[in-house]
Amino acid sequence: MKLSLAAVTATTCLLLASEARAESCTGITSSGGRFATCFDLGNRLSVTAGSEGFGGSLALRHVVTFEDEPDLVWKLEHQMLDVTHATFEDRFSGALYRGRYVRHARDGHIVIPLGTPKKIFLPFDVGGFAEAGRIEWKPDSTEVRIGVVKTAALFDLSRSRDFRRRIAFGPVAKWEVDADRDEMTLTQHTVSPFTSLIANVRLERANGRSLANFEIEGGEVWHSKDGWKPDLRAEASLEHVVLAVNDRPIAVTLGVKYETATDEVLARVGARVVLFDRRDPRVQLAPLKRR
Amino acid sequence: MTRSLTLALVAMGIGLPRLAAADSGGLLPAMSPDKPVICGRDTEGKVWRIQCDAAAKVCIYAANEELSSSGRRTKPLERARDCEIDQDFDRKKLEASGYSFVQGRVDAPYGWLRDERGRILQVNFDLRKRIFFGAAYTPQKILDNPLESKRTSVDFGLLSFNKLSDGATPTMHRIRLVHGEVHVEPFSAEITIAHWDVSRRFLDPLLRLTTFVGQPQRHDLHLNLGLWTEAGGLEIHPSQGGHSTIWKHATLQGTLDLWQSPDLNSFVRVRSGIGLEGQHTDGTGYRSALVPSSAFEIDAQVDDDGFHNVKFEFTHEAPRYFVPFQNSVEGSSQRFATRLKAKLSYEAIILAINDQPLSIKLAAGGEKRDDIFGVPDQWAFVADAGLRFSLWAPPRDPTPRPAGP
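Remember, it's a predicted structure, so these values are computed and weren't measured experimentally.

Draft legend 1. Seen up close, the interface of chain A and chain B. Contact with chain A, which involves 39 residues of that partner, is made by 38 residues of chain B. Among the elements of the structure, strand S6 (92-105), strand S7 (109-112), strand S9 (125-137), strand S10 (143-156), strand S11 (165-180), strand S12 (185-204) and strand S13 (210-223) of chain A are those that each provide at least two residues to the side of chain A that touches chain B. The residue inventory of the side of chain A that touches chain B, partitioned by class, reads 22 nonpolar, nine polar and eight charged. In the sheet, S7 of chain A pairs with strand S22 (residues 339-353) of chain B via two bridges, with the strands oriented antiparallel. Paired with Ile110 of chain A across the bridge in S22 of chain B is Ile353 of chain B.

Written out as structure tokens, the structure is:
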């Protein structure tokens, strides 16, 4: 597993190194036809097929800006109905909603409002993570794990104004329920009352053709049957667009995941097809008018 | 910084003469956001904001940029009004006519404060509009491993949103999505997926009483009715031999506001209605019930800046089960149960990180119920203290408060 994570990390560094100079987002064929070479990875409806199974997800992201405070941006990312079902075995994972909300300000600070309010500089953006309605089950088991809710405070060291870079960490609170699918009974509750930490690095190339994501979550988690136990989950993933059909990208995906609960390492490879997406605003498919 | 500012002012063509004394709060006087402001350029080309009060014969001046700790101008002011350069500004003429110039701070919009370096900070928070998550603890701890705590709890709210529809009969909509709390050791949880309630202030009174003893007088009796609904509630409690899970499918209640604050953010009310729920208890199985319920509620923002918030809730629920059940080994079967709950909580903002408030929450509550197998029918009390971090929490609505009785 360490080797796989190292490989993904190395590829991430390569991605960073090639992150680059401004490039045109519109390609032109020899006959004058135009096509998109940049893509918006955060606003799309996609389906994925691969070694892990078949699934899909709806992703939306947008910013909220303020006319009277141009240095302040709320970056909002939403992911809905992110599901995967294995093809040849009874394995399923899905989440109803997952969101990240980061408040980017040029001058991060703490305000202590006691007496005369005081402002102290902070080198990070603050935000939050929320997930509701996650369901997972694995083959050869009647147990289903329901992630009722998970929240985290996020401190983003990258302080990026856009979505292309995130280096965030923060404490996590979550509540998960294990249920027996056959008997329809709840078997165990798992709670992390901010006794876990999450760290997330996400890097996206400016042209939206490559994406690397690494997330690790670990700490002490309370189980209603077994009491407090250490818990660690790590996941790394890469996505690289290799093809576009009608300007809708098709990407190769790679990933590796580990968790102590099952002591299981899962690697995956697949293809992601974007059914609908928001056209990158830098793409100009209509020819410019002559003056 | 003050020394640097003084040196800069010496070089000003508009010749601002001296530094003003700080006001009683330790900050320089601020310009009024309701009065006009002009900009003037000094001999070095630097722009200053100036606001003159003709009645007091005082002009407040401040740099038109944010300043570093050394007094160097760093970047444009945030949340500042547009300011046009006034080429006709004549300091000497103003001084000759009796005006004095004092150093001050540029004005800030409602809910914000500007410090002496021109930096903006939020000082007014609406905790009714936020995403929040928090953790709370009771004093009992296992000392050899501080991570293992007893009666630890987390609470969360993925969206709280209040919307006031202003008008002749102002109406406040309160929406809450995925609110709840989870306790560990022993485990218990409460979560509500969706909540919507609405308070209304009616223009016309239900009853007008006129008294004719002495001078005729009119007394209006208003009946501010509203609606309270919840859907997708879940409660999980420890029971004898396992857990008891209560699915509160939907609840509908009518409300009567006994008192409303002018902005409808705070209220005292009673509510009553009916709900449908299902309960699964390990060992005794599943049963459904219709649940008549009523409650007395106080929800108050104590100060105008939203720093102090108090909530009290006393609820009575009386499930009527479709099939009889036993709530103890020796007890007889019954169709009726009673749940009584009281909870008082106080939340106060202690600091803000990037203008996102961190608050302390103190809560105490009690519960008495006979609907869970093996749980004794007596009052049980709990108190906890914790921290909450809120996202969004904009300044409270500065719009004029709705008129009404």
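Picking up where we left off.
Draft legend 2. Summary view of the confidence of the model for chain B. Residues and elements named next belong to chain B. Model confidence for chain B is summarised by a mean pLDDT of 86, while 88% of its residues fall at 70 or above. Counting interchain partners and residues more than four positions distant, the pLDDT-below-50 stretch residues 1-24 has 39 contacts. Low pLDDT, under 50, characterises residues 141-146; the predicted model gives this stretch six contacts beyond four residues in sequence or across chains. Two summary scores accompany this predicted model of the complex, namely pTM at 0.84 and ipTM at 0.78.

Draft legend 3. Spatial organisation of the sheet that holds strand S1 (residues 38-41) of chain B. Residues and elements named next belong to chain B. Pairing in this open sheet of four strands is mixed, and the strands run S1-S2-S3-S6 from one edge to the other. Edge positions in the sheet fall to S1 and strand S6 (100-103), since each of these pairs with one other strand and no more. Sheet twist, expressed as the mean angle between neighbouring strand axes with direction ignored, is 35°.

Draft legend 4. Up close: the environment of Thr210 of chain B. Of note, Thr210 of chain B is situated in strand S13 (residues 207-211). Residues Thr210 of chain B and Gly273 of chain B, spaced 63 residues apart in sequence, show a C-alpha to C-alpha distance of 33 Å.

Draft legend 5. Region of interest: the sheet that holds S11 of chain A. All names here are of chain A. Judged by pairing direction, the barrel is antiparallel, and its 12 strands sit side by side in the order S3-S4-S5-S6-S9-S10-S11-S12-S13-S14-S15-S16 before closing back on the first. Between one strand and the next, the sheet's axes are offset by a mean angle of 20°, whatever the strand orientation. One ladder, built from 11 bridges, connects strand S4 (residues 53-65) with strand S5 (residues 72-85); its direction is antiparallel. Looking at S5, one finds that Gly56 is bridged to Val83.

Draft legend 6. Expanded view of the pairing of strand S23 (residues 356-369) of chain B. All names here are of chain B. Pairing between S22 and S23: 14 bridges, direction antiparallel. Paired with Ala342 across the bridge in S23 is Gly366. Connecting S22 to the next strand, S23, in antiparallel fashion are two residues, including Asn354 with a positive phi near 50°. Across 10 bridges, the pairing between S23 and strand S24 (residues 380-392) is antiparallel. Residue pairing across strands places Ala363 opposite Asp384, the latter belonging to S24.

Draft legend 7. A look at the nonpolar core. Counting residues in each nonpolar core, the largest one holds 51 residues, and the members touching the most others are Val149, Leu154 and Ala173 of chain A together with Phe133, Val154 and Phe156 of chain B. A total of six residues in this core trace back to one element, the largest contributor, which is S10 of chain A. When residues of this core are assigned to domains, at least three fall in each of domain 1 (2-122) and domain 2 (130-392) of chain B. With residues up to four places along the chain from it excluded, the contact list for Phe156 of chain B reads Val149, Thr151 and Ala173 of chain A together with Phe132, Phe133 and Gly180 of chain B. In this structure, Val37, Ile60, Leu77 and Val106 of chain B belong to the second largest nonpolar core, which totals 14 residues.

Parameters and conventions
Residues numbered from 1 in each chain as written. Chains lettered and ligands numbered in written order. Predicted model: local features only at pLDDT ≥ 70, side-chain atom pairs only at ≥ 80, totals over all residues. Contact = placed C-beta atoms within 7 Å. Helix = DSSP H or I, 4+ residues; strand = E, 2+ residues; numbered from the N terminus. Nonpolar A, V, L, I, M, F, W, Y, C, P; charged D, E, K, R; others polar. Pairing = 2+ DSSP bridges. pLDDT = per-residue confidence, 0-100. Axes fitted to C-alpha atoms, helices over the stretch in contact; angles between N-to-C directions. Core = buried A, V, L, I, M, F, W, Y, C linked by C-beta atoms within 7 Å. Buried ≥ 20, exposed ≤ 12 C-beta atoms within 10 Å, placed from the backbone. Domains from an automatic or database assignment.

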